[in-house]
Each structure stands twice: as structure tokens, then as C-alpha cells.
Amino acid sequence: MGIGKPEGMGGADLAATVARARSGDREAWGELYQQFAAPVFRFCRRVLPTREDAEDAAMDIMVKLRGKLGQYDSSRPFSAWLYRVAANHCWDTLRRRKVRQDLEMEDVTEVPLEHPDPGQLDQMISQQSGNRVRAALERLPDRARLALVLRYYADMNYDEIADALGVRRAFVGVVLLRARHALREALTQGSKAPQATAGAGGGR
Amino acid sequence: MNPDSPANGKSHLDEVTGLLYIEGQLEKDDAQGVVAHLGQCSSCRRLLDALKRESLLLQQALREDDEPVPASLLAPRASEGLSWWWLSAWSLAAAGLYTLWSSYLEPWLANFQQSGFDGQFFFTWLLLNGASWKGWDDMLQLLILVSLGVLAFALLFLFRRNLRRISSFSIFLAALLLLMLALPPAAQAVELVKKTGNYEVPEGQTVHSDLFVMATSVRVVGTVDGDLFCFCNSVTIEGHVTGDVFAFAGEVRVSGKVDGSLRTFTGHELIEGEIGRNLTSFVGNLQTSQRSRVGGSATLYVGALQLDGSLGRDLTAYLGEATLNAPIGGDVLLRQSLTTHREGWETTGRGPVQVASHADIKGSFRVRGPLQPEVSHEAHLASAPKFELVEEIPPYRNPRAYWLNAMIWGSAFLVGLVLISLAPGFMQQATRQVSRIGAPLGFGLAMFVLMPVAAGLACFTVVGLGLGVPLLFAWLFMIFFGQVFAAVWVGEAILGAGVGAWSMTGRLALGLFLIRLGALIPVLGVWVRFLACLLGLGALALIVWRRFQPPAPPAPAAALPAAPAA
């Protein structure tokens, strides 16, 4: 999916449509829905364990968005606000299930100071494909996965990520780097024992 | 920033600094230090390149369209071609409606009309909403139905993830089926008979178990040592049944002995033998002969009643016309149909309720309805007959109709509230479907006609009662609560689309109020209710249909405006 340029409404159009939707215009909301339902679903699909979870969450998020339109600060980008709502919803969903939360809360402030071997890292990256990265992402702890999705799918800035994850802005880089480390580890394990991990890809 | 970082002129860049640098998160001075270091350190340049490539890999992997978006989420535009489906749904509905009318409704209706009920009664009964005859019992049943419905919805919501997968759904259905089958006492053996011809328990033979029979006709000359359940055209009991008899049949005749109760849903019923306990019948014509005897009480919804045999206890009946000509051990309470044969009475001089010379009523005798009962001088009554005149009045002049509509409003609002708070997405989806009008009406009509037919077929096929009865209940439930979705749509049409749960609740309240108000209009009211039910039923059907649709092909880069670079 190309994210750089919007295919639907442009910035001014989007702002006008959002304004109309906020004043209760059904058609305007319909246009927003048409444009954003699919990206929101893909966001949820990247963050949540199953397709069904993502479908439910996307539906609920779209309803929430409609309900919260009045709270949207139009001086900020709409997509950033939208993903913020989506991230909060997904994070709440994951937290309710208490999936390995205890393990994830540790070491946020511990800064990894290594200087990894660039050659090794380069070689590892060049061997990967999108599919393998997605499969490895599914095996990451929830917070690590969410951090990577917020940054590299939703294009959120560090302030927004800090806000969504509930960490200080100064630690966002650390969280992202630790998530990358976890991903590298998952990718390395995956390429070492593809048979052993093949079955574990979907289940977290 | 790390004090040992090369920005301060020492060793290599650490990875965090490298990441913050490529993501543009370093302060200006620190960034300049990194630039200076990169000019002299090839290893750090390579590290930063690798990190950039890793970022790119992540972006590509995360933004790639590797699976389609569910069709249920991509709300198609109203103009998108569903016309084939509309056409199919309408044709199917029309065909089903014709079949239902010609095979079931018309003969039944003729039967009912002959027996003192008119068409309006039948339809109001069918729609479960006939305000003119509903009493407290019906209210209670309604409340029970509401509670069960809310419970069912809550359960469906809780297990919706599991239900969505077909395999789990099958397991759920199978478990439900097993549960239904396990409900009769497990210790008691059951004999199941299913055949197209006639089934007979011959003289001298004893069936030592409960007996379920689905056949063209059933005749018991011997003995059934247990309960007897029949689904057939005609049931004849000349022998002995030691338990209860449940009969869904065109015709029932009992000349033998039933130790338990007789419960029937039938067109014609003739009792010449002995019923040990109670008689409960929903029947067109019921006749008991002089030598017959019912030990307990009789509760009847009956078109025409001729009671010549003795009744041990109370007689409670909602009826078209009746002749009581037998000893009755308890109280008699009769409610006449409000549309009973006034013209017939005026021309023939014969009232709808006759108490004839052999009648001997030990308890009280009360009649409610439009016409006085006629009591023979030779009849014995323990107390003077009490007659309460109840005339047919249009629903808008009937306080009970208002009360009933308020009750229905309340129960539907309750269900709507539960749905809004538990499954707002589902509610919104359903309202969106209702707003398309044509499709939900077509699908609603198809469901309205086909679901009971399917339930009936299920009862007579391999699947059996386990599926048929729940399906029938689901149908009734959906008919009643379909109006919730229609109500939100009506509310939104008037107030405009709102945002959030509270505004949806307000629109639900207003929409329901208007629908119930519409229901009080004479003649038109029935159609208001019917259309609201159809719209809701159709919306539910469309949602289910979309769930099982194959997903849409991947959308061509449904792009999202990016947030400004950090």
C-alpha cells in the first residue's frame, strides 16, 4: 500500500469533509468511511493476533471515530488522530487479554549501547522478504509490534508514539530499537529453523 | 544522548544514536557531531545505511497488501449492483409466499373462519401483536421472550469470535442439538418413528417407552407406556397411553384412554374416551361426546366448542362459539372473540355461548365478550352467571392497546440499549442496511416466509426438532426485534445522523416511539409494524449474508494521508 500520497481526498478536501461530517452530514461520514475503513483494518491486522480480531476492532474503531469526531483538533493531521484512536483501541484490546504484559513492561529505560556489526546486519536484512518480516512481527511482544506499526505503518512521530504507548518521549527511540532487536532475533530464529517455527507463526 | 557517543569525539556510534539520527530526532548539535563522525568512520556509515534499509524493509513489509479487506467492512455504495440479489430475493419471497398461502394459510384460514375466527384474528395472532386480545398471560410471555432474547444476544456477542468460524459454528449447533435432545429425561427410553405412510400400534402390543411419531397418520389401538408425540395428519387413540399426548395434527380423535394430559394443536378434535388429567388445545373445532371424561381442567383456544362430556375441574377458553352441555367440576371463564358472529346471532337469534340443559357448573360462570351467553332454564349453575361486555374498539381508543404498546416500546428499547452498548458496530451496520430499504424489504420478506417453512421442513426431516424449534423461535425473536434497527433508522432520518452511543440511543427511542404510535392507527397500524419488522429482519439477513460472502479482492492502494514527517 502506498502511504505517501492520498489517493482519495486531498488535504483541503479532507478537511472540508471532516468538517461536514462533524456537523452531522451522513454523506461526508460515508466518504470518510470509504477512505479510511481499509487502512484502519490493515493497521489492526498488523497489531492484533487474528483477522477476526482485526475486523471487529476496525468496525468498533470506525464507530468510535464517528463518536469522537467532535473531539478532533482540526489543526492536526486527521490521519495521525485516526491512528491514535486506533492504537488506543488495539492497545486496550491487547491489554484486556493480558498477553505477556509482565514481560513487556521491563527494561524500557535500559538503553542498548552496542555497535552491532554492520556487515552482519546488512546481510541479514538482504535475506528477508515482506512475508518473513510479517511472520516474524507476529511473534513479537505486543508493545514491540505496536511500536513498529505506529512508526513504520502509521508514520506517527515520536511525540504521538510516546502518547500512544504511555512512555516518555525520550524513550521512544529505545522502545523502537528494542523492537527491532526482537524482530532481528525472530527473523534469525525463523531462518535457522523454518520447520520448527512455521506452525508457531499465527499463534501468540 | 549518550555521553560516550562519537558526537562527543569518542569511539563508534551506538545504535540508539544512529537510529535517532536517521529518524531526525537528534538535537541540532548532536546531529552535527554525528555528521562529523560519519565523515571519518566507514563502519558507522555502514551501520546507518543498514538501519535505513531496515526501516525501509519494515515500511514495505507493513504496508504491503497481503490480504483482502473483509467485504463486511467495505460498505458498498448504495448504487452498487445488488439488483440480481434484490430480484432473486423478491422472486424467492413471492414464490415462498404463494406456497405458504396455498398450502398452509388458506386452508387454515378457511377453517378458522368457519369456526368463528376471522382473518384479522389469524393475522394478528401470527404477528404476535394483536392488541385486542392480549391479556396478562401474553404480557408475561412477552417479558419472558424479551429476557430470553436479551440473553441470547448477550451470548451471541460473547461467543461471536467463535461463531464466526464455520467449524465452531457447526460444533455450537451440534452441541445445541444434543442439549435439546438431552432435555427429555435421559433415563426414559424414546422410540422414534419417521415414515410417510400410516403408523399403528396394533391391539395387544405395548410400546414400553416414549414414542415420537412423524407419519401421515397415527393410530394407537394397543398401549403406549410413556408419552406420545405426534406430528401428522391424523391421530387416533383407541387404546391406552399411560403418559401425556402431544399432537400437532390436522385431526385428533381419542376414543381410548389417556392417563396423562392431552395437548394438541389441530384443526378438528373429537374426544369420546377418557383423559386422566388436563386438556390443552389450540383447535378449530372441538367436540367431546357424552361418554367422554376429562379428569382435570381444560384450557382452550378454540373456534367452536361442543362440550357434552364431563370435565373434572375448570374450563378456561378463548373461543368463537361454544355449547356447554355437561357437568363441569370447577369455574368457567370464557372470553369470546371480539369479532364473533354478531350478524349470525342477529339473524338466527342464536348466541355464541349456549349453556344447555345438561350443563352442571359447580364453580363460578363468567363470560367476557361482545354478546350475552344464553343459559337454559334446565341448566344447573352454582352461582349466577357474570357477563362483562367487551366491545371491539379501535386500538387508538383502547387504553390497553396503549399499555401494550408502551410495554413493547420498553422491551424493544431495552434490547436496543444492550445492542448499542455491547455491539455498536453491529448496530451501525444494521442501520446502514435498513437505510437501503429495497434490499432489506426483499430479504426481510424472504426470511419472513422461508424461515418458518425451513423450520417446518427441519421438523419433518433428518435434522428434526432440535433445529426446527430453535429456528422457529429465532424467527419469532427476529420478527419482534427487527423493529429496533428500523427504529434507529427512523430516528436518524428525522434528527439526522448523530455521533456516539447516546445520540444513537436518542434516535432509537424516538424511532421506536413513532413506530409504536403508528401501530395504533387502525388498519394501517398492522402494516407499520409489519414493514418495521421486515426492514429489521432483512437488515439482519443482509449482515449474515455479507459475513459469509467471499472477501473482496485487495483494494488498489487505498492510500492514507501520511502524518507529517517526525
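Residues numbered from 1 in each chain as written. Chains lettered and ligands numbered in written order. Predicted model: local features only at pLDDT ≥ 70, side-chain atom pairs only at ≥ 80, totals over all residues.

**Student:** What should I look at first to understand the overall build of chain A in this one?
**Tutor:** Within chain A, the regular secondary structure consists of 11 helices and 0 strands. Start at the N end of chain A and walk to the C end: the helices and strands fall as α-α-α-α-α-α-α-α-α-α-α. When the 204 residues of chain A are sorted by exposure, 44% land in the buried category. Counting contacts in chain A only where the partners sit at least 6 residues apart, residues at least 24 apart contribute 68% of the total. (Helix = DSSP H or I, 4+ residues; strand = E, 2+ residues; numbered from the N terminus. Buried ≥ 20, exposed ≤ 12 C-beta atoms within 10 Å, placed from the backbone. Contact = placed C-beta atoms within 7 Å.)

**Student:** Would you take a moment to explain the nonpolar core for this structure?
**Tutor:** Of all hydrophobic cores here, the largest spans 78 residues; its most connected members are Val40(A), Cys44(A), Ala58(A), Val149(A) and Leu150(A). Per-element accounting of this core gives the leading share, 11 residues, to helix H2 (residues 26-47) of chain A. Sequence-distant contacts of Val149(A), defined by excluding residues within four places in its chain, comprise Phe43(A), Arg46(A), Val47(A), Ala154(A) and Leu62(B). (Core = buried A, V, L, I, M, F, W, Y, C linked by C-beta atoms within 7 Å.)

**Student:** Would you take a moment to explain the environment of Leu62(B) for this structure?
**Tutor:** Take Leu62(B): it is sitting in helix H3 (residues 42-63). In this structure, Leu62(B) is in contact with Arg46(A), Val149(A), Tyr152(A) and Tyr153(A), ignoring residues within four places of it in sequence.

**Student:** Looking at this structure, how should I read the environment of Asp142(A)?
**Tutor:** All names here are of chain A. Position of Asp142 relative to the elements: it lies in helix H8 (residues 142-152). You can call Asp142 buried: it has 21 C-beta atoms within 10 Å. On a C-alpha basis, the gap between Asp142 and Arg95 in space is 9.0 Å, while along the polypeptide they are 47 residues apart.

**Student:** Where do I start with the confidence of the model for chain A in this structure?
**Tutor:** Detailed conclusions should not be drawn from predicted coordinates in areas where pLDDT is low. Residue and element names in this part refer to chain A. On average, residues of chain A carry a pLDDT of 77, and 77% of them reach 70 or more. When mean pLDDT is taken per element in chain A, H8 scores highest with 90 and helix H11 (residues 194-198) scores lowest with 42. Low pLDDT, under 50, characterises residues 1-7; the predicted model gives this stretch 22 contacts beyond four residues in sequence or across chains. Counting contacts from residues 99-106, a segment whose pLDDT is below 50, to residues more than four positions away or on other chains yields 9 contacts. (pLDDT = per-residue confidence, 0-100.)

**Student:** Explain H2(A) here, please?
**Tutor:** Note: α-helices contain 3.6 residues per turn, so residues at a spacing of three or four share the same orientation. For H2(A), spanning 22 residues, the distance from its first C-alpha to its last is 29 Å, which sits close to the expected 32 Å at 1.5 Å a residue. Its maximal kink placed at Phe36(A), H2(A) deviates by approximately 40 degrees, while the proline Pro39(A) follows within four residues. (Expected span 1.5 Å × (residues − 1). Bend = angle between axes of the 7 residues up to and from the residue.)

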